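# Descriptive structure summary
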Amino acid sequence: MSSMPLQRGISGGGVRVSDSSDDLRDSQMKDKTDLIRGRSITDTSLTLRFPFAFLFNNQPPSKTGDNGDPRGKHRLILLFLKISLFLIVVLALIGSFWWTLSISASSPRGGHVYHNYRRLQEQLVSDLLDIGEISVGPSRWKELEYCDVEAENYVPCFNVSENLALGYTNGDENDRFCGSGSKQDCLVLPPVDYKVPLRWPTGKDVIWFRNVKITAEEVLTSGSINKRMMMMDDDQISFRSASPMFDEVEDYSHQIAQMIGIKNDNFIEAGVRTILDIGCGYGSFGAHLLSKQLLTMCIANYEASGSQVQLTLERGLPAMIASFISKQLPYPSLSFDMLHCSTCGIDWDQKDGLLLVEIDRVLKPGGFFVWTSPLTNARSKEDLKRWNFVRDFTQSICWTLLSQQDKTVVWKKTIKTKCYSARKPGVGPSVCSKGHDVESPYYRPLQMCLGGTRSRRWVPIEGRTRWPSRSNMNKTELSLYGLHPEEVGEDAANWKVNVRDYWSLLSPLIFSDHPKRPGDEDPSPPYNMLRNVLDMNAQFGGLNSALLEAKKSVWVMNVVPTAGPNHLPMILDRGFVGVLHDWCEAFPSYPRTYDLVHADNLLTLQTSKLRSSCSFMQIFTEIDRLLRPEGWVIIRDTAQLVETARALTTQLKWEARVIEVESSSEQRLLICQKPFAKRQSI
């Protein structure tokens, strides 16, 4: 099955399509023509790391050239010119740097001068990238090969067998380790019988069996309530709401509400909006809570088969691979309103309570921890010892045991930091020192101290604005993050326009096969043409907010790159989900998990990292791995970097089109679609 060519006209007030009569294949042919003329840009693996590499990319002169061949003289002249250009650029950069420092030190407007200098410097780097890549020539222009069949469900950085060989044991082999061998330079193909997922909300209850790696035995022998809701039906797995198992989840949710003291299951009124579901089964608990306006993020270990995360994402529900066996989770302190663990397989009494300390770190003040386990109804001497340890340890970190029914226990985290200083000496772990209390750790080793207690964001969940008003922060709330209402308001207004433009661009392309009579308008796009959205540079979470305000039935994984400003605490406090990530590493998710990948000024951000450890092509290859067949990519960046990206799309076999942004002469949009390529059955 081949992907649909982009051949319909584009409408939208805020953007203009360059040569809208051409489809994407014409655009790609233009790229190839430009390449022949020497104007295209190729693989950036060398130039991104060392923009001046093209200066030293000459072949040594042949003997013929040395003996008077004019071509040899031309090579020497060209080499001399390139070296001269290199020296001029270096001297210019050094001189401008010292000039800026002197101006900044002597002038009250030094900050303004430095800001403009940075813009000029970034422009210079971009130009050098272009020059370097153009000099490589067309010899490197080739499409990437497809990966072997073993890579269909492969997730880099989570290689259990390799970790075992390196000596990691006691569960550490399931943790995340990104080495040089974790980068891929091939395109991952879907399974032979892969089918495009059903549109939301149908896809929440029914998924194609061959789209995920799971055996029929794993479906039939799943143990927990959440997993037992699965049923095999020919080539589908169904999670039918009408099944008797659904009543169990409904009753379970009602039980938790009663234990907390919530009336009518109104979790929102208790200050709960975001939930971290540890070992979530296949997402049925989170799927049920959607009707209550709760957003549940599923996390679980990497699993080679029967993956909880893969099936949850396939259903259109938030999920990511995460393990905190030895490292902290990539979330800020005080991130979630509730944490849930139902037979999640974690022994909370192990490592002297270290895992409970990490749970405490990401739980907001006044937040709830719900644990369902046979251990809470312990009968044997050994189990009683383990349960008593958990009960005593939670008390030592200032949690209150609210209720215990059957196998379920609910704790509430303290809202008063004075509780920690009021403890008896030697009781429980100490509060983290200022140097160790990092608000947004990135896979740092677990630490036995209580984090987040010094944060300005220490606000009880009952004292926060209720959802959905919570997503639009007031002046006082924004001040916690050092932000002003004017800049956030302007950002929100821009994203409302952008989302409207995105929808008007994508809808005629996605639905170009709709019947249309002459003179009729294009059919209105449904609200559910996309579901799983990955925002690679989320900034304030403006795209997420605008999509929800436009009533699009999507959820957004808001990614905050480690290379830029960290607004992840604000994003999570707004009631969204997100994660900190370095885009030179593989994202912790399975292949084919997102319908739309969005990158706003990410290339500019990566380019500003002069010592970036990866190329644009490596980032784009990772995007291709995460993207579903026939999925979409929207890149918004400077015109030069968008042209760089467009050249790479041919190597990825994507269909691509550059679109001018009418509100900005410097910005361009790159709209891409991944084709539906299939591996031939053997």
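Heads up: these notes are all about the structure in this document. (Residues numbered from 1 in each chain as written. Predicted model: local features only at pLDDT ≥ 70, side-chain atom pairs only at ≥ 80, totals over all residues. Heavy atoms only, no water.)

## A few points about the overall build of the chain
- Across its full length, the chain carries 21 helices and 18 strands.
- Taking all 682 residues of the chain together, 55% fall into the buried category.
- Nonlocal contacts in the chain, meaning residues at least 24 apart in sequence, comprise 73% of its contacts between residues at least 6 apart.
- Only carbon and sulfur atoms are counted for the fraction: they give 53% of the accessible area of the chain, which is about 30,400 Å². (Helix = DSSP H or I, 4+ residues; strand = E, 2+ residues; numbered from the N terminus. Buried < 20%, exposed > 50% of the residue type's maximum accessible area, 1.4 Å probe, protein only. Contact = heavy atoms within 4.5 Å. Areas by Shrake-Rupley, 256 points an atom, 1.4 Å probe, with all protein chains shown as cover.)

## Here we look at the state of the cysteines
- Inspection of every chain in the model, using the stated rule, returns seven disulfides.
- Between the sulfur atoms of C147 and its disulfide partner C186 the distance amounts to 2.0 Å. What sets the handedness of the C147 and C186 disulfide is the S-S torsion sign, and at about 100° it is right-handed. You can see C147 sitting in the loop between helix 4 (110-136) and helix 5 (160-165) and its partner C186 sitting in the loop between helix 5 and helix 6 (202-205), a full 39 residues away along the chain. The same class applies to C147 as to C186, namely buried. (Disulfide = S-S within 2.5 Å.)

## Some details on helix 20 (residues 616-626)
- Along helix 20, ten of the eleven residues are buried, which leaves the element largely enclosed by surrounding structure.
- Among the residues of helix 20, those classed as buried are F616, M617, I619, F620, T621, E622, I623, D624, R625 and L626.
- Structurally, helix 20 contributes buried residues whose contacts are with strand 12 (532-535), strand 15 (594-600), helix 19 (602-608), strand 16 (627-638) and helix 21 (639-651).

## Digging into the packing of aromatic side chains
- Under the defined criterion, the tally for this structure stands at 20 aromatic pairs.
- With 5.5 Å between their ring centres and 80° between their planes, W348 and F369 make a pair best called edge-to-face. A residue pair is termed long-range when its members are at least 10 positions apart, and W348 in the loop between strand 8 (336-342) and helix 12 (354-362) and F369 in strand 9 (residues 363-372) qualify at 21 residues. Of the two residues, W348 and F369, neither departs from the other in class, the shared state being buried.
- Pairing W387 with W411 gives two aromatic rings, centres 6.2 Å apart and planes at 45°, and the pair type is tilted. A residue pair is termed long-range when its members are at least 10 positions apart, and W387 in helix 13 (residues 381-396) and W411 in strand 11 (residues 408-413) qualify at 24 residues.
- Taking relative accessible area as the criterion, W387 reaches 6% and is therefore assigned buried.
- One aromatic cluster is present, formed by F324, W348, F369, W371, W387, W399 and W411 through successive ring pairs.
- We note R273 situated over the ring of W467; from NZ or CZ to the ring centre the distance is 3.5 Å. (Phe/Tyr/Trp six-rings, centres within 6.5 Å; stacked < 30°, edge-to-face > 60°. Lys NZ or Arg CZ within 6 Å of the ring centre and 35° of its normal.)

## What to know about the pattern of salt bridges
- Going through the model one piece at a time under the given rule, you end up with 23 salt bridges.
- Its salt-bridge partner being D337, residue R470 comes within 3.1 Å of it at the nearest N-O pair. Of this pair, R470 sits in the loop between helix 14 (418-421) and helix 15 (475-479) while D337 sits in strand 8, and the two are 133 residues apart along the sequence. Taken as a pair, R470 and D337 share a single burial class, namely buried. (Salt bridge = Lys/Arg side-chain N within 4 Å of Asp/Glu carboxyl O.)

## Remarks on the packing of helix 16 (residues 485-510) against helix 17 (residues 542-549)
- The N-to-C vectors of helix 16 and helix 17 enclose an angle of 65°; their axes lie 8 Å apart at closest approach. Considering the relative orientation of helix 16 and helix 17, their crossing is right-handed. Contacts from D491, W495, K496, V499, Y502 and W503 in helix 16 reach G542, L543, A546, L547 and E549 in helix 17.
- Among the residues forming the contact of helix 16 with helix 17, the class breakdown is seven nonpolar, one polar and three charged. (Axes fitted to C-alpha atoms, helices over the stretch in contact; angles between N-to-C directions. Left-handed = near helix turned anticlockwise from the far one by under 90°. Nonpolar A, V, L, I, M, F, W, Y, C, P; charged D, E, K, R; others polar.)

## Some remarks on the pairing of strand 8
- Counted residue by residue, strand 8 has seven buried out of seven residues, so it is predominantly covered.
- Taken together, the four bridges between strand 5 (residues 274-278) and strand 8 define a ladder with parallel strand orientation. Residue pairing in the sheet places I275 in a bridge with M338 of strand 8.
- Taken together, the six bridges between strand 8 and strand 9 define a ladder with parallel strand orientation. Looking at the pairing, L339 lines up with F369 of strand 9.
- The handedness of the strand 8 to strand 9 crossover, carried by helix 12, is right-handed. (Pairing = 2+ DSSP bridges. Right-handed = clockwise from strand over helix to strand, strands pointing away.)

## Some points on a nonpolar patch on the surface
- Taken together, the side chains of I77, F80 and L81 define a hydrophobic patch exposed on the protein surface, amounting to about 330 Å² of accessible area.
- Here I77 shows up in helix 3 (residues 70-106). (Patch = residues over 30% accessible without salt bridge, like charges linked within 9 Å, V, L, I, M, F, W, Y side chains within 5 Å.)

## Section: the nonpolar core
- By size, the foremost hydrophobic cluster in this structure holds 90 residues, and its most contacted members are I299, Y331, W348, F369, L534, M557 and F620.
- For Y331, the residues in contact, after removing those within four places along its chain, are L276, M297, I299, M320, F336, R361, V362, E439, P441, G578 and V579.
- Residues I256, M259, I262 and F368 belong to the second largest nonpolar core, which totals 28 residues. (Core = buried A, V, L, I, M, F, W, Y, C linked by side-chain atoms within 4.5 Å.)

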